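# Tertiary structure, described
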Amino acid sequence: RVDADERIKQYRTGNLSVQVKSKTTGNPITGATVTVNMTKHSFLFGSMMDGKYFTEDPTASGPYFTNFRNLFNYAVDEDGYDWQAFDNNGTNLAQAHQLINYITKNLSYTMRGHVTVWPRCNAYGLPQNICNMIEENNTTGALEATQQHILQESKYWGRTFDEVDVINEISYCHEMQDVSSPQSQAKTLASWLHDSAVANPSTGRRINDIQVFSSVFDNGNNPYYHELLPAVNSHGPAPDGRPLMTGFGAESHFGAAVPSVASVLQTLEWFEEQAKAEDGFSLAITEYDVLTTDQDLYGDWTRDFLTLAFASPAVDRFLMWGFDDGTHWLGSAPLFYKDWSPKPGYFHWKELVYNKWWTNDIAVTNGSGLATFHPFLGEHRVTVSCAQCTAPTVVEVTVNKTGTNIVVMVDD
């Protein structure tokens with residue numbers, strides 16, 4: 001964890017300098033007190049949400065929405081974006097719009113979309129008419145219909161989301177792809193990503209998949225991803241000039257036998273190399289949870305895996321696939337039991353995200369009227385007070401990696 005703390009300091013904090021001057025004379029003010037209080041992370045800490053819970057809580061005042069507001073700054077809708085929901089234009093789509101409106105308008109959070117194409121013929125995958133084409137060996141027709149769907153849905157949502165899982169779980173779902181080699185499958189995947197970019201160039205594009213960190217591939221050298229992902233982007237760039245696949249989503253559904261820290265580090269290092277090679281490429285943790293009844297293990301792994309992700313420069317967001325047992329798809333969520341009592345993971349999440357990785361700092365200006373800080377990247381409220389000041393001066397500022405310098409003029 002010492003190494004992780006050093007990497008977090010290197011990659012997740014920036015420099016902030018605050019110069020305090022008199023409005024009356026323009027001279028620097030020595031001895032002014034400057035406080036810096038974080039209000040929002042730039043790193044995205046999120047969860048899957050479902051609009052159907054507005055039915056029982058239309059004012060969003062119950063524990064489901066209240067805990068979301070208090071613990072996260074990012075979200076993904078569970079199934080309103082799915083192909084079947086989109087085609088049916090029914091309850092799921094209507095609930096998705098309600099959820100999106102609440103999160104993006106009421107809370108001013110960003111969201112991601114999930115999922116445009118899930119190439120499987122069961123559950124929430126492909127619509128039945130597409131599966132019928134595949135069963136009839138009309139793969140060409142299925143591919144043409146898929147292209148039209150991608151273009152239509154991508155255009156429909158426009159700039160609603162900052163990114164979208166264009167393709168889901170291609171490690172085992174490949175009803176329409178030629179999987180005789182990574183290169184052959186990459187051609188189809190690249191075409192889907194290209195279509196998404198044509199229809200909506202402002203939105204990020206990911207392939208989202210399972211078993212990236214699982215025990216099945218815990219040596220960190222899985223040739224499947226190592227060959228396929230670069231092969232996909234070799235067909236780029238996209239029309240917007242970015243990589244076809246602007247990032248990869250690692251679902252991160254774990255069983256009770258969680259992988260070793262060393263193996264996770266190996267996998268993260270591989271993605272860090274990809275991020276260096278492809279400008280704008282990143283890794284997202286998209287669906288974190290652990291299927292276990294051992295809550296101490298669950299809490300410890302939430303702490304450790306979250307720390308590993310936050311310490312990696314390749315990772316730009318971390319989402320849970322639900323956070324309470326009562327709404328979780330398997331009844332095994334990271335933070336709350338069904339009765340909303342907190343699990344060990346809740347305390348680890350709060351301690352890390354809103355204490356250890358949260359800036360509340362204070363300094364006094366030097367002879368040049370300058371105070372310097374090294375806060376976490378994100379939005380901060382800067383408050384300046386001094387003996388001769390008529391009132392405190394408050395300034396909102398965003399701290400980024402390149403460094404932020406502000407001048408605060410105070411009434412004195």
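Residues numbered from 1 in each chain as written. Predicted model: local features only at pLDDT ≥ 70, side-chain atom pairs only at ≥ 80, totals over all residues. Heavy atoms only, no water.

### Overview of unusual backbone geometry
With an omega dihedral of 5°, the bond running from H114 to V115 counts as a cis peptide bond. With an omega of 5°, the peptide bond between G236 and P237 qualifies as cis. Summarising the element assignment, P237 is placed in the loop between helix 8 (223-233) and strand 8 (247-250). Despite not being glycine, Q211 shows a phi value in the positive range, around 60°. The topology assignment puts Q211 in the loop between strand 7 (204-209) and helix 8. For Q211, a relative accessible area of 31% gives the class partly exposed. With phi around 75°, W340 is a residue other than glycine that occupies positive phi space. Relative to the helices and strands, W340 is located in the loop between strand 11 (315-320) and helix 11 (344-356). The class of W340 is partly exposed, set by a relative accessible area of 21%. (Helix = DSSP H or I, 4+ residues; strand = E, 2+ residues; numbered from the N terminus. Buried < 20%, exposed > 50% of the residue type's maximum accessible area, 1.4 Å probe, protein only.)

### Description of the confidence of the model for the protein
Low pLDDT marks regions whose predicted coordinates should not be analysed in detail. On average, residues of the protein score 93 in pLDDT, and 97% of them are at 70 or above. Here residues 215-221 is a poorly scored stretch, pLDDT under 50, and it has 14 contacts once near neighbours within four places are set aside; other chains count. (pLDDT = per-residue confidence, 0-100. Contact = heavy atoms within 4.5 Å.)

### Regarding helix 11
One full turn of an α-helix is made of 3.6 residues, so residues set three or four places apart face in the same direction. Taking 1.5 Å per residue as the helical rise, helix 11 with its 13 residues ought to reach 18 Å, and the 17 Å between its terminal C-alpha atoms agrees with that figure. Those residues of helix 11 lying buried are G345, Y346, W349, L352 and V353. An end-on view of helix 11 places all buried positions within 145° of arc, on one side of the element. Those residues of helix 11 that are buried lie in contact with strand 2 (33-41), strand 3 (44-49), helix 2 (63-71), helix 10 (295-310) and strand 11. (Expected span 1.5 Å × (residues − 1). Arc of directions from axis to C-beta.)

### Quick look at the sheet that holds strand 12 (residues 360-364)
What the four strands build is an open sheet, ordered 12-2-14-15; its pairing is antiparallel. Edge positions in the sheet fall to strand 12 and strand 15 (393-399), since each of these pairs with one other strand and no more. Within this sheet the neighbouring strands show an average axis-to-axis angle of 25°, counted without direction. With five bridges joining them, strand 2 and strand 12 adopt antiparallel strand pairing. Bridge pairing links T35 to I362 in strand 12. (Pairing = 2+ DSSP bridges. Axes fitted to C-alpha atoms, helices over the stretch in contact; angles between N-to-C directions.)

### Brief notes about the sheet that holds strand 16 (residues 404-410)
The mixed open sheet is built from three strands, whose spatial order is 13-1-16. The sheet terminates laterally at strand 13 (370-373) and strand 16, the two strands that pair on one side only. Across the sheet, the mean angle separating the axes of adjacent strands is 20° when strand polarity is ignored. The pairing of strand 1 (residues 16-22) with strand 13 spans four bridges and is classified as antiparallel.

### Focus: the environment of D279
Note on placement: D279 falls in the loop between helix 9 (261-277) and strand 10 (282-291). When its relative accessible area of 73% is taken as the criterion, D279 is described as exposed. When the C-alpha positions of D279 and P243 are compared, they lie 7.8 Å apart, and in sequence the two are 36 residues distant.

### Examining the pattern of salt bridges
As enumerated under the stated definition, the model contains 17 salt bridges in all. One salt bridge in this structure joins R303 and D304, with 2.9 Å as the shortest N-O distance. When sorted by exposure, R303 lands in the same class as D304, which is buried. A salt bridge links D325 to K343; the nearest nitrogen and oxygen atoms lie 2.8 Å apart. Placement of the pair is D325 in the loop between strand 11 and helix 11 and K343 in the loop between strand 11 and helix 11, with a sequence separation of 18 residues. Taken together, the shared-partner salt bridges connect R112, D162, E163, D165, R206, D316 and R317 into one network. (Salt bridge = Lys/Arg side-chain N within 4 Å of Asp/Glu carboxyl O.)

### Remarks on the state of the cysteines
Following the criterion strictly, the structure yields two disulfides and no others. Each disulfide pairs two cysteine sulfurs, and for C121 the partner residue is C131, the sulfurs being separated by 2.2 Å. Disulfide C121-C131: the torsion about the S-S bond is -110°, which places it as left-handed. Taken together, the residues span a long stretch of sequence, with C121 in the loop between strand 5 (110-117) and helix 5 (128-135) and C131 in helix 5 at a distance of ten residues. Note on C131: relative accessible area 6%, which makes it buried. What pairs with C386 in a disulfide is C389, and their sulfur atoms sit 1.8 Å apart. Here the S-S torsion is close to 95°, and the disulfide linking C386 with C389 is therefore right-handed. There is no split in this pair, since C386 and C389 are both buried. (Disulfide = S-S within 2.5 Å.)

### Side note on the side chain of S252
When you line up the elements, S252 lands in the loop between strand 8 and strand 9 (253-255). A polar contact of 3.0 Å, which involves the side chain of S252, links it to the backbone oxygen of A250. For S252, the contacting residues outside a window of four places in its chain are F213, I285, E287, Y288, D289 and F305. (Polar contact = N/O pair within 3.5 Å; in protein donor to acceptor, adjacent residues only side chain to side chain.)

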